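# Reading the structure
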There are 2 protein chains.
Amino acid sequence: MLPATLHDIARKSGLSVSTVSRILNKKSAKYRISEATEKLVQKTARELNYRPNQLARGLRLKRTHTIGLVAPDLSNPFFASIMKSAQVVAHGLGYSLIVCDTDENVQMEVEHVNLLYSKGVDGMIVLPVGQKNSHLGFFVEHAVPLVLVDRVFNDLTANTVLIDNYGGAREAVEFLISRGHSRIAIIQGLPSTYTSNERLRGYTDALSHHNIPVDESLILGKDFRKQNGYIETKFLLRRSERPTAIFTTSDLITLGALEAIFEEGLEVPTDISVIAFDEVESADFFRCPITVIAQPKETIGEIAVKLLIEQIRSPKKLDPRQIVLKPHLIVRESVARVDVHSAADLAAVP
Amino acid sequence: MLPATLHDIARKSGLSVSTVSRILNKKSAKYRISEATEKLVQKTARELNYRPNQLARGLRLKRTHTIGLVAPDLSNPFFASIMKSAQVVAHGLGYSLIVCDTDENVQMEVEHVNLLYSKGVDGMIVLPVGQKNSHLGFFVEHAVPLVLVDRVFNDLTANTVLIDNYGGAREAVEFLISRGHSRIAIIQGLPSTYTSNERLRGYTDALSHHNIPVDESLILGKDFRKQNGYIETKFLLRRSERPTAIFTTSDLITLGALEAIFEEGLEVPTDISVIAFDEVESADFFRCPITVIAQPKETIGEIAVKLLIEQIRSPKKLDPRQIVLKPHLIVRESVARVDVHSAADLAAVP
DNA sequence: TATAATAGCGCAAACGTTTGTGCGCATTTG
DNA sequence: CAAATGCGCACAAACGTTTGCGCTATTATA
């Protein structure tokens, strides 16, 4: 049996479609519909189990109350948390969420973003892969409400919410330095990505600020995945002069690095210290709880949605805003205190 | 500037809307459209950056190429993984995914499911909260393609994909027994839920099968959350006669239980053994890597989508199918071997 | 040369809504 | 008692597609 339409209700109650529509949209007053007909319509609507066809509605109104979210990897707890909070907030404000996973692939991102536009979303939240942005330019030009999150482009004047990657990275590295470390490796994510650049800049600035020369051979990494952390760490540990600490710039990289460390029979922080960007899930239960720079994941999702819906609801286009969130250091046990005067390649006991 | 429509292309190329539509839908042959006009239309479509309005399309065709997925908690890695694989498979088959988070709340579930139906999804995948099903009955009656996952109802003849909860639980408990345990506690999830019932049944059957009496005071728990695991374990550890092992029936419960154990200054498996249902994220890096019954998460998502789309594409309604996936034991280090003859409340060294 | 066939395309209805406008009727007013 | 007012609702267009049917030229057939 097909879903009941306005027409069905109209026929059954002997009225016209327009009257039924107005009543169901609570406009009886404005169009002075009698109380009797109002009751009647509501009753028949209930009897027929009427649900408005949102496609038709969207077509007519040019609003679908649906927003899109596209992210690089939805199984990653970081993105999953953002998505969950986005979903909850959006639903609270009357919007559904279509989610897309680009698998860190720009081409996929293009595809998804266009498809979302086709489906008539009222706006979208994009956590871009981050190497290319022309496909997004189209939407800002055509005034499609858009919020960029996490990996931003300086050349695109869209709404953005991001965390202070530079500050976070710098805090991490300065924490290591304060514990006596100076031979510090960094395993970065996808290079030439805003996020990666900023974290790298925080790393080098922290070193320079403390008059520690930047050793190019300690700058490693090529993407945000686990495998990357594993491989780079594996090589790193085989070097003659091992660093005393590693700064891993994503949760997945951290996991890969730990796997390599344990595989080599080493322990954290006795043999090597680790500090990570991104909270790692269940870090408290780890063999060695990891000290991290945690991002406020839930807040990111929530703010992104609110920013987007503000845009959607505003009659005139608002000036794009940039919201920067501060990450915060969570000190656990993965960073050892190192004797400043000991050989740089020997990690001291805490 | 508004998006270009068929009408715009028609006007610009001096043709009719219908012709344009047919060409863009690759029906030129069927309607014998000349090659010249075909080229022309494709050119102008490209120039105007035409994207079909999927709302109008959906309205006309009664198919939106969108499916819904509703789950109890999208930030939980278990559901996040299912969702990710579902998204990827769906997109590969030409479908978008609208996701909804019910937060383990039946009322939310009702709301979401209805909204999805309103939005004209071609079908939905529901991971129900599990205490009530009347709102889903409507859809099976009205032949809306539907796939139920994980927490199923025996009284609803819909497509389902689920894992063998009974078998998994039984395997877990028998593993404990084989290691000498007999005082085994279980912390279950939401009672009167199919999943919970089956896991409990596996627990009791395993015990009975080995002539171990079932002690009602060792059956605990009221929902799948972390807090539940924490509280129940906290109480459990204060008992005079402590069990030698705990069977935690979800990943979150496990995390809560571990927190309680460590807080009490105890160690796994020296002081108490733990075996868990659900893989726990990064278990390999834990202070004590947890032995688990792992569910094939990605497979679940993939199968659910394929089952659903099979339904959607089939001209006549297919008989509902039930697909049961086997979970598998991953032995790590959280279960100690216990001397069968020792006092039951003393855990022996491995 | 008249008729039939075919190629190439347009007309218009339909999908289910929303909403500006207008129509018939009853009531009030002068 | 006629005109004016207001009440309660219906008509119809529009949103952007898809598709069955039919129309007009041109070409093939008799």
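You can overlay chain B on chain A at an RMSD of 0.0 Å; the transform is a turn of 180° with a shift of 0.0 Å along its axis. One copy is carried onto the other by what is essentially a two-fold rotation axis. Same-surface contact between copies: 100% of interface residues of chain B are shared with the interface of chain A.

Spatial strand order, β11(A)-β5(A)-β4(A)-β3(A)-β1(A)-β2(A)-β2(B)-β1(B)-β3(B)-β4(B)-β5(B)-β11(B): 12 strands in an open sheet with mixed pairing. Among the strands making up the open sheet, the edge pair consists of β11 (322-325) of chain A together with β11 (322-325) of chain B. Direction aside, neighbouring strands of the sheet carry axes that sit 20° apart on average. Helix-sheet contacts for helix α6 (residues 106-118) of chain A involve β1 (66-71), β2 (96-101) and β3 (123-126) of chain A together with β2 (96-101) of chain B, and the interaxial angle to β1 of chain A is about 180°. On top of the sheet, helix α12 (residues 297-313) of chain A reaches β1, β3, β4 (146-149), β5 (159-163) and β11 of chain A; it is set at about 170° to β5 of chain A, its chief contact.

Attention shifts here to the domain arrangement of chain A. By the assigned domains, chain A splits into domain 1 (6-52), domain 2 (61-163 + 297-325) and domain 3 (165-295 + 330-347). If you average the C-alpha positions of domain 1 of chain A and of domain 2 of chain A, the two centres end up 37 Å apart.

This brings us to the sheet that holds strand β12 (residues 328-330) of chain B. Residues and elements named next belong to chain B. Strand order in the open sheet formed by 6 strands is β7-β6-β8-β9-β10-β12, with mixed pairing between adjacent strands. Both edges of this open sheet fall to β7 (219-220) and β12, since each of them pairs with a single strand only. Together, β6 (184-187), β8 (245-248), β9 (273-277), β10 (291-294) and β12 form the strand contacts of helix α8 (residues 165-178), whose direction differs from that of β9 by roughly 170°. Lying on the sheet, helix α10 (residues 226-238) is in contact with β6, β7 and β8; it crosses β6 at an angle near 150°.

Turning to the packing of aromatic side chains, a few remarks are in order. Summed over all chains, the structure comprises 13 aromatic pairs over all chains. Ring centres of Phe 286 of chain A and Phe 285 of chain B lie 5.8 Å apart, and the angle between their planes is 40°; on these two criteria the pair is classed as tilted. Of the two residues, Phe 286 of chain A sits in the loop between β9 (273-277) and β10 (291-294) while Phe 285 of chain B sits in the loop between β9 and β10, which places them in two different chains. Residue classification places Phe 285 of chain B among the buried residues on the basis of a relative accessible area of 5%. On the basis of an interplanar angle of 45° and a centroid distance of 5.8 Å, the ring pair of Phe 286 of chain A and Phe 286 of chain B is categorised as tilted. Note that Phe 286 of chain A is positioned in the loop between β9 and β10 and Phe 286 of chain B in the loop between β9 and β10, a pairing that runs across two chains. Here the two residues Phe 286 of chain A and Phe 286 of chain B agree in accessibility, since each one is buried.

Residues in close proximity to DNA strand C total 31 residues, the closest being Lys 27, Arg 57 and Arg 60 of chain A together with Thr 19 and Arg 22 of chain B. Counted by atom, the contact set of DNA strand C within 4 Å of the protein is 54% sugar and phosphate. Within the side chain of Arg 22 of chain A, a nitrogen or oxygen atom sits 2.9 Å from a base oxygen of DNA strand C. The contact in question runs from a phosphate oxygen of DNA strand C to an N or O atom on the side chain of Tyr 31 of chain A, over 3.3 Å. Among the elements of the structure, α2 (17-24) and α4 (54-61) of chain A together with α2 (17-24) and α4 (54-61) of chain B are those that each provide at least two residues to the surface near DNA strand C.

We now examine the packing of helix α1 (residues 6-13) of chain B against helix α3 (residues 35-47) of chain B. Residues and elements named next belong to chain B. Orientation of α1 relative to α3, taken along the N-to-C sense of each, is 120°, at an axis distance of 10 Å. Our classification of the angle between α1 and α3 gives oblique. Crossing hand, α1 versus α3: right-handed. Contacts between α1 and α3 involve Ile 9, Lys 12 and Ser 13 from the former and Leu 40, Val 41, Thr 44, Ala 45 and Glu 47 from the latter. Within the contact of α1 with α3, the residues separate by chemical class into 4 nonpolar, 2 polar and 2 charged.

All right, on to the protein's contact with DNA strand D then. With respect to spatial proximity, 30 residues lie near DNA strand D, and among them Thr 19, Arg 22 and Ser 34 of chain A together with Arg 57 and Arg 60 of chain B are the closest. Of all DNA strand D atoms lying within 4 Å of any protein atom, the proportion belonging to sugar or phosphate reaches 56%. In the environment of DNA strand D, a phosphate oxygen lies 2.9 Å from a nitrogen or oxygen atom belonging to the side chain of Thr 37 of chain A. Within the side chain of Arg 57 of chain B, one N or O atom sits 2.6 Å away from a phosphate oxygen of DNA strand D. Listed by contribution, the elements that provide at least two residues to the surface near DNA strand D are α2 and α4 of chain A together with α2 and α4 of chain B. When its residues are assigned to classes, the surface near DNA strand D shows 11 nonpolar, 11 polar and 8 charged.

With that settled, consider unusual backbone geometry. All names here are of chain A. Looking along the chain, the bond that leaves Val 268 and enters Pro 269 is cis, with omega of 0°. By the element assignment, Pro 269 lies in the loop between α11 (251-263) and β9. The phi angle at Asp 150 is positive, at roughly 80°, despite the residue not being glycine. Here Asp 150 shows up in the loop between β4 and β5. One non-glycine residue, Ser 282, adopts positive backbone phi at about 55°. Residue position: Ser 282 is located in the loop between β9 and β10.

Cut-off values and rules
- Residues numbered from 1 in each chain as written.
- Chains lettered and ligands numbered in written order.
- Predicted model: local features only at pLDDT ≥ 70, side-chain atom pairs only at ≥ 80, totals over all residues.
- Heavy atoms only, no water.
- Least-squares fit on C-alpha atoms with pLDDT ≥ 70 in both.
- Contact = heavy atoms within 4.5 Å.
- Pairing = 2+ DSSP bridges.
- Helix = DSSP H or I, 4+ residues; strand = E, 2+ residues; numbered from the N terminus.
- Axes fitted to C-alpha atoms, helices over the stretch in contact; angles between N-to-C directions.
- Domains from an automatic or database assignment.
- Phe/Tyr/Trp six-rings, centres within 6.5 Å; stacked < 30°, edge-to-face > 60°.
- Buried < 20%, exposed > 50% of the residue type's maximum accessible area, 1.4 Å probe, protein only.
- Near = heavy atom within 4 Å.
- Polar contact = N/O pair within 3.5 Å; in protein donor to acceptor, adjacent residues only side chain to side chain.
- Parallel < 35°, antiparallel > 145°, perpendicular 65-115°, else oblique.
- Left-handed = near helix turned anticlockwise from the far one by under 90°.
- Nonpolar A, V, L, I, M, F, W, Y, C, P; charged D, E, K, R; others polar.

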